Every structure is written in C-alpha cells, then in structure tokens.
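# An overview of the molecular structure
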Amino acid sequence: MANTAVLDVSNLECVRGDRRLFAGISFSVKPGELLHVQGPNGSGKTSLLRMICGLVLPVQGDIFWGGESIRGLREDYFKEMTYLGHLSGIKEDLTALENLDILSRLAGGDATEDAVVAALGQMGLAGREDLPAKVLSQGQKRRVALARLVLCRTRLWILDEPFTALDVAAIAVVQALLSQHLHNGGMIILTTHQDLGVLSEVSPAGAVQRLQLNS
Amino acid sequence: MSSLVATLRCVVMRDLTLAMRRRADVLATLFFFVIVVSLFPLGVGPEMATLRIIGPGVVWVAALLASMLALERMFAADYGDGTLEQMLITPQPLAVLVLGKALAHWLVSGLPLVLMAPLLGIQYGLPAQGLWILMLSLLLGTPVLSLVGAIGAALTLGVRGGGVLVSLLVLPLTIPVLIFGAGAVDASLSGLGAQAHLSLLGAFLLGALILAPWATSAALRISME
C-alpha cells in the first residue's frame, strides 16, 4: 500500500459561477513531497484544494489516489486525508478539548483524552483545554484546529493557509510538524501567502513543488 | 458496526452538548408550541364540544410548526463554522452522521413536545384515552418530521431566506403525518380504534429512517459545492 499512496491530478478544470478559474491542471504528489499552490486572490487556490478533498466535483478531469479515482474511493480516501480549510471547523460553544476530541474521533482516530491534552499542549494551549472556544483569540482557535495534525495518522494533508493568524512561536511548531510529516513519508498540499522562507525550513531538501495559478 | 454506533453516539452527544449550551434556542421552540396550543381555546371560546374536536389537530399543527422553527438550525451553524465541511470528509458514512444529527434534533425539539402534549391536551378536554393516543401519535410522528425536515434543511443550506423556504419545501411532505397523527386521536375518541393510524405512522417512521439519511447526505454534498 505504501508505494501506491500517490496523489495524481489530471487535467482538472474548475468553473465558479460563469467564470473559469483554471483548466488543464495536472500534477502528482509522492510520499515526502510538498506542493505549494500559489496564485493571487481569486485564482482558485481554495477551490483546487476543496476539489482535491472531494468537496467540490471538478467540471473536467479527475483526481486519483493510488491509481483509483477518489469519487469511487470515497471513505477509503477520506481515511488517508486531513483537510484544514480557511474555516477552522471549531465550535464556539465547545471547549478546546471537546472540539479536538470530536474532530479526531469523527476522523476515525482513537486518541485518548491524555493524547488530546498533550496535542493541545504541543500547540501552546496548555491550561486552556477547558475554555470554550469563543473566548479564545483567533490565533488560539487556529491552534486548536492545527492540533489535529498532531493526532491524525493520515498521509495526505491539505492545508489552506495554515499559517494565518499564528504568531512566530506557533509558526515554528507547525513548521516542525510539517517537516516531521514529510520526513515520515507524508504528503502535503498547501497554500500560503507567507514568504517562501517558511516553506524552505519545512523541507530543505528541495522537495517543494510549486503550482502557479493565474487569475 | 460498533464503530458506526460509536460515531452515531459521538454526533448525538456533540449536538446535545451544543443544545445544552444554547438553551435559549431550545426553550424558544418549546414556548412557541405551548403558546400556539394555548391560544386556540382563548380564541375559539370555552365550548367543550368544539375544543374536543379541534384539539388533536391544533396540537399536531403546532408541533409541526415548532419543529419547522428548529429545522433551520440543524445544519446552518455547522455550515457557518466549517464543521459540516469536516463531517463531509470523515471516513464515517455521511448517512450515519446525518442520522445522528436528526436524532439529536428530535431529542431536543421533538421529544419535549411529546412529553408536554398530554398537559396541553387537557385544555381541550381530551379524555385520558385520547391523551395517550395523542402522545403515542406524536412519539411516532415527530421523528418523521425531524428526518424529513433534515432533507429540506440540507437542500436550503446557504440560501438566503432559507428558513421560509425550508417550511415551503417540507410542510407539504409532512401532510400525511399530520392527517394520520391527528386522525389517530379522533378515531380513538369515536371508538374506531387508533390501531390503523398508528400503524401507518410507524410505517412512515420506518420509511423515513431508511430513506431520509441518504437523501439528506446527497443534498448536503450538493449544497456544500
């Protein structure tokens, strides 16, 4: 299975409203690789990521995981993938701990409460586990969402602007997580408007692919 | 199988916790039900014979409207903060997650109506036998409202004025439940026996349990595009 875990995207086309955002996008991501999707606002970066997640159906083209179309794989593909959108997926009325616990359990994880607390601690939220998310700052909410990456065992991470709203310390933690994931043979697709130095620290080996979308 | 049950439990507990932290929303639905049902005797007058005839129908229509009120919230909040998006891409079957949400919705907005119905039925001079049948018909019927309502709520996600639209979509579909629900009480009071009506309500419930989660899942996938 390990050698078949490759994401192939072929000839993808996206239409939003009556505007064609992109067409003819093809690439593949192999274990240990990071793909950085670049482009100005409105060029379809988020749409592309949502397509790769299976949330949006492409007008044309297809996405393959290990040689099989993700439309057929469905749940088997979702088992291998973690998506972090620009909406954090955090419930304001639940505590940080409950939020993370539910997210990880629905994702099929079997993390114990200790593991969840440890994950929050790693994201610098120690002592804030039992606060409702609505009293956390924007950056702290983002940290709760990112703490999922500590718990999940998926191979493909799809991250939409993972560094927004984070301070320097948190960015360093996320960088370490991403770099560890690549080191373990994981795959990452992300968008970011941070300068490129952020990514060169994640993967110094030059395993960073770039995909430029034009508006 | 056990993982499906665990998933269902997780979703139900999550939604119940959220409902408990937003008690005002839950109570608003219940008060709406109580007030609508209580207004009729005041408006129609204290004529016992008339009240007894309209009673079951009024309680059922009020239950229908109260459950419509709560429908809009079923997916809208999750849609707004991105948790619904995450549910769509979990390895769990979406139909199970949807069933969990519908079940939680019923526990919060349907079950309390069932429990309060006998108390409100007294205002209409319904005899004990009629109160029991009213409760039983609501117990079988209100879950159908939550399940069918979930389809409408999923279809109107993110649509402006979704609240009105969802009522327009769902209310016509719930007419059979209304007819047989209110009919059960009438039949029992007139001595015909409510067996047939209750059996049909049970059949509606089984049908909705099997079909609605799948229809809702499909609707959610379309709405999230």
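To keep things clear, this report deals only with the structure shown in the data block. In this text, all values refer to a predicted model and were calculated from it rather than measured experimentally.

The next point concerns helix α2 (residues 23–44) of chain B. Residues and elements named next belong to chain B. Taking 1.5 Å of rise per residue, 22 residues should cover 32 Å, and α2 covers 32 Å from first to last C-alpha, within 8% of that figure. Along α2, the residues that are buried comprise Val26, Thr29, Leu30, Phe33, Val36, Val37, Ser38 and Pro41. Residues of α2 that are buried make contact with α1 (2–21), α3 (48–71), α4 (73–81), α6 (94–109) and α7 (111–122). Once α2 ends, the next one or two residues include Gly45, with phi positive near 105°.

Disulfides are covalent bonds that connect the sulfur atoms of two cysteines. Overall, the coordinates contain 0 disulfides over all chains when judged by the stated rule. Free of any disulfide, A:Cys152 has its nearest cysteine sulfur in A:Cys53, 13 Å distant. Judged by relative accessible area, A:Cys152 falls into the buried class, the value being 19%. The closest cysteine sulfur to the non-disulfide-bonded B:Cys10 is located on A:Cys152, 16 Å from its own sulfur.

To continue, consider a nonpolar patch on the surface. Nonpolar side chains collect at one region of the surface, where B:Leu27, B:Phe31, B:Ile35, B:Leu39, B:Phe40, B:Leu42 and B:Val44 lie side by side and expose about 690 Å² of accessible area between them. Position of B:Val44 among the secondary structure elements: in helix α2.

For the rest of this paragraph, the subject is the environment of B:Ala6. Looking at the element boundaries, B:Ala6 is found in helix α1. For the pair B:Ala6 and B:Leu136, spaced 130 residues apart in sequence, the C-alpha separation works out to 29 Å.

For the rest of this paragraph, the subject is the sheet that holds strand β7 (residues 156–160) of chain A. Pairing between the strands of a sheet is mediated by backbone hydrogen bonds and can be parallel or antiparallel. Residue and element names in this part refer to chain A. Judged by pairing direction, the sheet is parallel, and its 5 strands sit side by side in the order β6-β7-β8-β3-β9 without closing on themselves. In the strand order of this sheet, the two ends are held by β6 (81–84) and β9 (208–212), each with one partner. On average, adjacent strands in this sheet sit at an angle of 15° to one another, irrespective of strand direction. Alignment of strand β3 (residues 34–38) against β9, held across 5 bridges, turns out to be parallel. Of the residues in β9, the one forming a bridge with Leu35 is Gln209. Strands β3, β6, β7, β8 (187–191) and β9 of the sheet are contacted by helix α1 (residues 45–53), whose axis makes an angle of about 155° with β7. Across the sheet, helix α8 (residues 168–183) lies against β3, β7 and β8, angled at about 145° from β8, the strand it touches most.

Let us look at the nonpolar core. Soluble globular proteins: nonpolar side chains tend toward being buried together. All names here are of chain A. Grouped together as the largest cluster of nonpolar side chains are 97 residues, with contacts concentrated most on Leu7, Phe27, Tyr77 and Ile189. In this structure Tyr77 touches Leu7, Ile52, Cys53, Trp65, Ile70, Leu156 and Ile158, once residues within four positions along its chain are discounted. If you look at the next biggest cluster of nonpolar residues, it comprises 37 residues, including Val116, Leu166, Val198 and Val208.

Attention now goes to the packing of aromatic side chains. Summed over the entire model, instances satisfying the criterion amount to 3 aromatic pairs over all chains. Relative to A:Phe78, the ring of A:Tyr77 has its centre 6.1 Å away and its plane inclined at 45°; by these criteria the two rings are tilted. In terms of burial, A:Tyr77 and A:Phe78 fall into one category: buried. Here B:Phe180 and B:Phe204 contribute two aromatic rings whose centre-to-centre distance is 5.9 Å and whose plane-to-plane angle is 50°, an arrangement assigned as tilted. Here the residue B:Phe180 occupies a position in helix α10 (residues 175–189), and B:Phe204 occupies one in helix α11 (residues 195–223), the gap between them amounting to 24 residues. The class for B:Phe204 is partly exposed, based on a relative accessible area of 26%. Put simply, the rings of A:Trp65, A:Tyr77 and A:Phe78 touch in pairs and so form one group of aromatic residues.

To continue, consider the side chain of A:Ser43. By secondary structure assignment, the location of A:Ser43 is in the loop between β3 and α1. Among the polar contacts made by the side chain of A:Ser43, one reaches the main-chain carbonyl oxygen of A:Pro40 at a distance of 2.7 Å.

Now for the pattern of salt bridges. Residue and element names in this part refer to chain A. In the structure shown here, the tally under the stated rule is 16 salt bridges over all chains. A salt bridge links Glu80 to Arg155; its shortest N-O distance comes to 3.0 Å. With Glu80 in the loop between α3 (75–78) and β6 and Arg155 in the loop between α7 (148–151) and β7, the pair connects residues that are 75 residues apart, well separated along the chain. For Glu80, a relative accessible area of 16% gives the class buried.

Let's shift gears to the side chain of A:Thr95. Along the chain, A:Thr95 falls in the loop between β6 and α4 (96–106). Apart from the residues within four sequence positions on either side, A:Thr95 is in contact with A:Glu129, A:Asp130, A:Leu131, A:Pro132, A:Ala133 and B:Arg21.

Residues and elements named next belong to chain A. Backbone geometry places Arg74, a non-glycine residue, at a positive phi of 45°. Position of Arg74 among the secondary structure elements: in the loop between α2 (70–73) and α3. The phi angle at Ala165 is positive, at roughly 70°, despite the residue not being glycine. Exposure remark for Ala165: the relative accessible area of 48% places this residue in the partly exposed category.

What follows covers the sheet that holds strand β4 (residues 60–65) of chain A. Residues and elements named next belong to chain A. Ordered by their spatial adjacency, 4 strands build an open sheet running β2-β1-β4-β5, and the pairing between neighbours is antiparallel. Sheet topology places β2 (19–29) and β5 (68–69) at the edges, where each strand pairs with a single neighbour. Across the face of the sheet, α1 comes into contact with β1 (7–16), β2 and β4 while running at roughly 125° to β1.

Contact residues are listed per partner, giving 29 residues for chain B and 30 residues for chain A. Carbon and sulfur atoms supply 57% of the area that chain B and chain A bury against each other, a total of about 2600 Å² over both sides. Area buried by chain B at its contact with chain A is led by B:Ile89, B:Pro91 and B:Glu225, which between them contribute 25% of it. A salt bridge links A:Asp93 to B:Arg22; the shortest N-O distance between them is 2.6 Å. Sorting the residues of the side of chain B that touches chain A by element identifies α1, α4, α5 (83–88) and α6 of chain B as the ones contributing at least two each. In terms of residue count, the dominant contributor to the side of chain B that touches chain A is α1(B) (7 residues). Tallied by class, the residues present in the side of chain B that touches chain A amount to 13 nonpolar, 8 polar and 8 charged.

Thresholds applied
- Residues numbered from 1 in each chain as written.
- Chains lettered and ligands numbered in written order.
- Predicted model: local features only at pLDDT ≥ 70, side-chain atom pairs only at ≥ 80, totals over all residues.
- Heavy atoms only, no water.
- Helix = DSSP H or I, 4+ residues; strand = E, 2+ residues; numbered from the N terminus.
- Expected span 1.5 Å × (residues − 1).
- Buried < 20%, exposed > 50% of the residue type's maximum accessible area, 1.4 Å probe, protein only.
- Contact = heavy atoms within 4.5 Å.
- Disulfide = S-S within 2.5 Å.
- Patch = residues over 30% accessible without salt bridge, like charges linked within 9 Å, V, L, I, M, F, W, Y side chains within 5 Å.
- Areas by Shrake-Rupley, 256 points an atom, 1.4 Å probe, with all protein chains shown as cover.
- Salt bridge = Lys/Arg side-chain N within 4 Å of Asp/Glu carboxyl O.
- Pairing = 2+ DSSP bridges.
- Axes fitted to C-alpha atoms, helices over the stretch in contact; angles between N-to-C directions.
- Core = buried A, V, L, I, M, F, W, Y, C linked by side-chain atoms within 4.5 Å.
- Phe/Tyr/Trp six-rings, centres within 6.5 Å; stacked < 30°, edge-to-face > 60°.
- Polar contact = N/O pair within 3.5 Å; in protein donor to acceptor, adjacent residues only side chain to side chain.
- Buried area = accessible area lost by both parts, 1.4 Å probe.
- Nonpolar A, V, L, I, M, F, W, Y, C, P; charged D, E, K, R; others polar.

It is worth stressing that arrangement in space is one thing and function is another; only the former is reported here.
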